[in-house]
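Below are the chains, spelled out letter by letter.
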Amino acid sequence: MTATAPAAAPVRARSHLANDAWEATMAAHATLMRRFAAEDLWSDVSMREYDVLYTLSKCDEPQRLSELGRHVLLSQPALSRLVDRLVERGLVGRCVDPSDARAAHLTLTPTGRDLQRRIGRRHGASVARAMTAALTEEELTLLESLTHKLSQEHRS
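A quick note: this is a predicted structure, and the numbers were derived from the prediction, not measured. (Residues numbered from 1 in each chain as written. Predicted model: local features only at pLDDT ≥ 70, side-chain atom pairs only at ≥ 80, totals over all residues. Heavy atoms only, no water.)

It is worth spelling out the side chain of Gln116 at this point. Within the fold, Gln116 resides in helix α5 (residues 110–134). When its relative accessible area of 8% is taken as the criterion, Gln116 is described as buried. There is a polar contact of 3.2 Å between the side chain of Gln116 and the side chain of Tyr50. Setting aside chain neighbours within four positions, we find Gln116 in contact with Tyr50, Leu53, Tyr54 and Ser57. (Helix = DSSP H or I, 4+ residues; strand = E, 2+ residues; numbered from the N terminus. Buried < 20%, exposed > 50% of the residue type's maximum accessible area, 1.4 Å probe, protein only. Polar contact = N/O pair within 3.5 Å; in protein donor to acceptor, adjacent residues only side chain to side chain. Contact = heavy atoms within 4.5 Å.)

Two numbers describe how helix α1 (residues 14–37) lies on α5: the axes approach to 11 Å, and their chain directions differ by 140°. Relative to α5, the element α1 lies oblique. The handedness of the crossing between α1 and α5 comes out as right-handed. Residues Leu32, Arg35 and Phe36 of α1 lie in contact with α5, whose contacting residues are His123, Ser126, Val127, Ala130 and Met131. Of the residues assigned to the contact of α1 with α5, the class counts are five nonpolar, two polar and one charged. (Axes fitted to C-alpha atoms, helices over the stretch in contact; angles between N-to-C directions. Parallel < 35°, antiparallel > 145°, perpendicular 65-115°, else oblique. Left-handed = near helix turned anticlockwise from the far one by under 90°. Nonpolar A, V, L, I, M, F, W, Y, C, P; charged D, E, K, R; others polar.)

Time to look at the UniProt feature "domain: HTH marR-type" (unreviewed entry) in the protein chain. As annotated by UniProt and renumbered to match this structure, "domain: HTH marR-type" (unreviewed entry) occupies residues 14–152. Helix makes up 68% of residues 14–152 and strand 12%, whereas the separation of the span's terminal C-alpha atoms amounts to 21 Å. (UniProt positions renumbered as here; feature names shortened; annotations may be inferred.)

Another aspect to go through is the nonpolar core. The nonpolar side chains of soluble globular proteins are, as a tendency, buried together. If you look at the biggest cluster of nonpolar residues, it comprises 19 residues, and the most contacted ones within it are Val52, Leu53 and Leu68. Contributions of two or more residues to this core are made by α2 (47–57), α4 (76–88), β3 (100–108) and α5. (Core = buried A, V, L, I, M, F, W, Y, C linked by side-chain atoms within 4.5 Å.)

Set out below in structure tokens:
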């Protein structure tokens, strides 16, 4: 009587693997976003508004709406309306672009920066808890590297 080797698992085609990886990435994103949205820290701004404040907080100089739109997952009309609301609330400042009077530059106001930092500290702690509970330091490093690689690939 001879022992038989276990059957090898079927090899997924590269395109199937890529699609499975994409679906897993999107499922993880959706799961984490639902978790973060349910937290009790969004009373002053929505998550989308916070995304704009956070994006502007990372910029060293004022941004045009089109540049902001490259980093925020909203259509240009939706982003424009959201920015208008943030300007009305005194969280974002708008000034004329000196090189193009038809365009505007956007910056955080001191009130907007304070709000972003206050919410950001709590949200950042929540993100860290969720990510470190599920992933080791090595896995976090790999995830960061892979997602940066994908982001750079699509900018080309």
